[in-house]
Number of protein chains: 2
Amino acid sequence: ATKPAQKKLDYSNRGMTLEEDLNETNQYYIENNIAIVHKKPTPVQIVNVSYPKRSAAVIKEAYFKQASTTDYNGVYKGRYIDFEAKETKLQTSFPLKNFHEHQIIHMQNVLDHGGIAFIIIRFSQTEEIYYLPAETLISYWNEMLAGGRKSIPKKDIERFGDLIPIGYAPRIDYIKIIMRKFEWDLS
Amino acid sequence: ATKPAQKKLDYSNRGMTLEEDLNETNQYYIENNIAIVHKKPTPVQIVNVSYPKRSAAVIKEAYFKQASTTDYNGVYKGRYIDFEAKETKLQTSFPLKNFHEHQIIHMQNVLDHGGIAFIIIRFSQTEEIYYLPAETLISYWNEMLAGGRKSIPKKDIERFGDLIPIGYAPRIDYIKIIMRKFEWDLS
Ligand SMILES: [Mg+2]
Ligand SMILES: [Mg+2]
C-alpha cells in the first residue's frame, strides 16, 4: 500500500506532536536569543534519484536509516547540548526499547567530552513532560544489559528528573532546567 | 532520466571526497577520544512512503531540501563546534555563492552564543585545505551584501585562515587548529 507521509496527530488534544512543540520551543529560543538548537534531519538512505529536465531532482527510492546520534543538538552559553525526545502511552514506566544502543553510546560520548546530554520524556496519558539527565538513562541501560529491568519506573523519573511545565511560549522550557542545574559553571 | 545515486568521485586522485575525508577524521576523533563530531543527514522532504507487507518502508517520492544549518557539529572540551565544508576548482578565490543566507545566519547565531564556528575550504586543483573562522566568512558576506565582491580572495584565506596539512590519520586535523586558537579558554 502506498500512502502519503503524514504527521502523527494522535498524541494530544491540541493536535501537536512532541516534535512540533520542541521545534516551536527551539524557534522561540533562537528568536529570543536564548540558545541555538535544531532538530537533525531524518536520516535517509537514498537509492534512486530522477533528474527531470527543468525541474527539481526527485528521490524515487530511499529507506529510513537508524540514527547514529540523538535528534537534537545545539549551543547554550558556549556549551554543547544534546538530547533525544520520546513519548510513551504507559503510565508507570518508560520502556528502554525506545532507544537503541548507538544513541546511548553517543550520549555517553557527549558526557565524556563535557557536553550536556539528556532526554525529554512525555507521558501522553497525563501530558507530563520530564527532563531526565543522560547519566540516569545510561545507568538504567547498563542495569538492563546486566539482566535488570527493561524500563525506568516513573517514580525514578520523578526522582532523578525534572518536570517541565508546559507553557505557551516557550512550550517546553528545557533550557530553564539546564540553567538551574548548571548555573554554577555557566556564566 | 533515472539513475542510481552515486558518490562524486571527481575530486581527487585518491577517489575520496572532502566529505569522506571529514567522516574518517571525525571517526578518528571519536575512536581516539578527542572530540565528538557528526555530519548531519541530508535534509529531505518526504512526500510519499510505501509500506510493503513484511519488509521495510520505502520512500517513493521525496525532494532535497535546503539545509537550514551547517553540515557538521559536535563537542570539543565541552564547547560547541559547528562548521560547513566546501570545495572549489578555482585557484585564486572562493565564491560566496557556495553558501546560502540561512547558513550564514546560523553561523552568526552560533558565534553569538559562544560556540566555535568555521568553514573548511578545499582548493581541489592544489589539494590545499584551509580552516577559516566564520567571523571572516561573515565579514566578506556582509561586504558582498553592501555591494562588494562576491568571493573571498585566496590570499585573504591564507592570511585569516589556517592551512590544514593533509595527514593519514586523522586526514584533516581541524581540531588541532581549534586547540591552538582557543587553548587559553579550553582547559
Ligand atoms: Mg529519534
Ligand atoms: Mg552542505
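Criteria and cut-off values
- Residues numbered from 1 in each chain as written.
- Chains lettered and ligands numbered in written order.
- Predicted model: local features only at pLDDT ≥ 70, side-chain atom pairs only at ≥ 80, totals over all residues.
- Heavy atoms only, no water.
- Helix = DSSP H or I, 4+ residues; strand = E, 2+ residues; numbered from the N terminus.
- Contact = heavy atoms within 4.5 Å.
- Areas by Shrake-Rupley, 256 points an atom, 1.4 Å probe, with all protein chains shown as cover.
- Buried area = accessible area lost by both parts, 1.4 Å probe.
- Salt bridge = Lys/Arg side-chain N within 4 Å of Asp/Glu carboxyl O.
- Polar contact = N/O pair within 3.5 Å; in protein donor to acceptor, adjacent residues only side chain to side chain.
- Nonpolar A, V, L, I, M, F, W, Y, C, P; charged D, E, K, R; others polar.
- Pairing = 2+ DSSP bridges.
- Least-squares fit on C-alpha atoms with pLDDT ≥ 70 in both.
- Donors = N, O, S within 2.8 Å, 3.2 Å for Na, K, Ca; no water.
- Buried < 20%, exposed > 50% of the residue type's maximum accessible area, 1.4 Å probe, protein only.
- Expected span 1.5 Å × (residues − 1).
- pLDDT = per-residue confidence, 0-100.
- Phe/Tyr/Trp six-rings, centres within 6.5 Å; stacked < 30°, edge-to-face > 60°.
- Lys NZ or Arg CZ within 6 Å of the ring centre and 35° of its normal.

Novice: Honestly, the overall build of chain A in this entry has me stumped. Any pointers?
Specialist: Each helix and strand counted, chain A has five helices and 11 strands in total. Contacts in chain A between residues far apart in sequence, at least 24 positions, make up 62% of those at least 6 positions apart. As displayed, chain A has an accessible area near 9,400 Å², and 50% of this comes from carbon and sulfur atoms.

Novice: Would you take a moment to explain the interface of chain A and chain B for this structure?
Specialist: Interfaces are frequently sized by the accessible area removed from exposure as the parts join. Taken together, the contact pairs 45 residues of chain A with 45 residues of chain B. Here chain A packs against chain B, burying approximately 3,700 Å² in sum over the two surfaces, 64% of which is carbon and sulfur. For the pair chain A and chain B, the number of links is zero salt bridges. Our count for the contact surface shared by chain A and chain B stands at nine residue pairs in polar contact (both at pLDDT 80 or more). Put simply, the parts of the chain that give the side of chain A that touches chain B at least two residues each are strand 1 (2-4), strand 2 (36-39), strand 3 (44-50), strand 4 (58-64), strand 5 (72-76), strand 6 (79-88) and helix 2 (101-112) of chain A. Element by element, the count of residues in the side of chain A that touches chain B is highest for strand 4 of chain A, at seven residues. Residue composition of the side of chain A that touches chain B, by class: 23 nonpolar, 16 polar and six charged. With three bridges connecting them, strand 4 of chain A and strand 4 (residues 58-64) of chain B associate as antiparallel partners. Residue pairing for strand 4 of chain B: A:Ile59 is matched across the bridge by B:Ala62.

Novice: Can you help me understand the relation of the copies chain A and chain B in this one?
Specialist: Mapping chain A onto chain B is achieved by rotating through 180 degrees and translating by 0.0 Å along the same axis, at an RMSD of 0.0 Å. The transformation relating the two chain copies, once decomposed into turn and shift, fits a two-fold axis. A share of 100% of interface residues in chain A that are also interface residues in chain B marks the association as one of identical surfaces.

Novice: What am I meant to see in the coordination of the magnesium ion (ligand 1) here?
Specialist: A four-donor tetrahedral metal ideally has 109.5 degree angles, and a six-donor octahedral metal ideally has angles of 90 or 180 degrees. All names here are of chain A. Protein ligation of the magnesium ion (ligand 1) involves Asp71 (OD) and Glu84 (OE), the donor distances falling in the range 2.3 to 2.5 Å. Of this pair, aspartate 71 sits in the loop between strand 4 and strand 5 while glutamate 84 sits in strand 6, placing them 13 residues apart in sequence. You can call aspartate 71 partly exposed: its relative accessible area is 21%. Residue glutamate 84 is classed as buried on the basis of its relative accessible area of 2%.

Novice: So what exactly am I meant to see when it comes to the pattern of salt bridges here?
Specialist: It is possible for side chains of opposite charge to pair when their charged atoms get near one another. Inspection of the entire model under this criterion finds 24 salt bridges over all chains. The partner of A:Glu127 in a salt bridge is A:Arg122, and the shortest N-O contact between them spans 3.2 Å. Looking at A:Glu127, the relative accessible area reads 26%, which means it is partly exposed. Its salt-bridge partner being B:Lys154, residue B:Glu128 comes within 2.7 Å of it at the nearest N-O pair.

Novice: Can you walk me through the environment of A:Asn33 in this structure?
Specialist: Positionally, A:Asn33 belongs in the loop between helix 1 (18-31) and strand 2. Among the residues examined, A:Asn33 registers a relative accessible area of 53% and is labelled exposed. For the pair A:Asn33 and A:Tyr76, spaced 43 residues apart in sequence, the C-alpha to C-alpha distance is 9.9 Å. Reaching out from A:Asn33, the side chain makes a polar contact with the side chain of B:His113 at a distance of 3.1 Å.

Novice: Even after reading the chapter, I still don't get helix 2 of chain A, so can you show me in this structure?
Specialist: Working note: α-helix, 3.6 residues per turn, so residues spaced by three or four point in the same direction. Residue and element names in this part refer to chain A. Relative to the 16 Å expected for 12 residues at 1.5 Å per residue, helix 2 spans 16 Å between its end C-alpha atoms, a close match to the ideal helical length. Of the residues making up helix 2, those classed as buried are Gln103, Ile104, His106, Met107, Asn109, Val110 and Leu111. Once helix 2 finishes, glycine 114 follows within two positions and takes phi at roughly 85 degrees, a positive value.

Novice: I'm lost on helix 3 (residues 134-145) of chain A in this one. Help?
Specialist: All names here are of chain A. The end-to-end C-alpha distance of helix 3 is 16 Å, a good match for the 16 Å that 12 residues give at a rise of 1.5 Å each. Looking only at helix 3, the buried set comprises Ala134, Thr136, Leu137, Ile138, Tyr140, Trp141 and Met144. Contact partners of the buried residues in helix 3: helix 2, strand 8 (116-123), strand 9 (128-133), strand 10 (151-153) and helix 4 (154-160).

Novice: Looking at this structure, how should I read unusual backbone geometry?
Specialist: Across the chain, the bulk of peptide bonds are trans and the bulk of non-glycine residues have phi less than zero. Put simply, A:Ala169 and A:Pro170 share a cis peptide bond, and its omega is 0 degrees. Mapped onto the secondary structure, A:Pro170 falls in the loop between strand 11 (162-163) and helix 5 (174-182). The backbone of A:Arg54 sits at a positive phi, close to 55 degrees, despite the residue not being glycine. Here A:Arg54 is to be found in the loop between strand 3 and strand 4. In the Ramachandran plot, B:Lys77 falls in the positive-phi region, its phi being about 50 degrees despite a non-glycine side chain.

Novice: Please explain the confidence of the model for chain A as it appears in this structure.
Specialist: Close inspection of predicted coordinates is inappropriate for parts of the model with low pLDDT. The share of residues in chain A with pLDDT of 70 or more is 90%, and the mean pLDDT across the chain is 91. Under a pLDDT of 50 for its full length, residues 6-13 of chain A has, in the predicted model, 14 contacts with residues more than four places off or in other chains.

Novice: It is not clear to me how the packing of aromatic side chains should be interpreted in this structure. Could you clarify?
Specialist: What describes a pair of aromatic rings is the distance from one ring centre to the other and the angle between the planes of the rings. The full count for this structure, using the stated rule, is 19 aromatic pairs over all chains. Ring centres of A:Tyr80 and B:Tyr80 lie 6.0 Å apart, and the angle between their planes is 15 degrees; on these two criteria the pair is classed as stacked. Here A:Tyr80, found in strand 6, pairs with B:Tyr80, found in strand 6 (residues 79-88), and the two come from separate chains. Across this residue pair, the class does not change: A:Tyr80 and B:Tyr80 are buried. One aromatic cluster is present, built from ring pairs that chain together A:Tyr28, A:Tyr29, A:Tyr72, A:Phe83, A:Phe118, A:Tyr131 and A:Tyr174. Over the ring of A:Phe99 we find A:Lys86; its NZ or CZ atom is 5.8 Å from the centre of that ring. Just above the ring of B:Phe123 sits the side chain of B:Lys154; from NZ or CZ to the centre is 5.1 Å.

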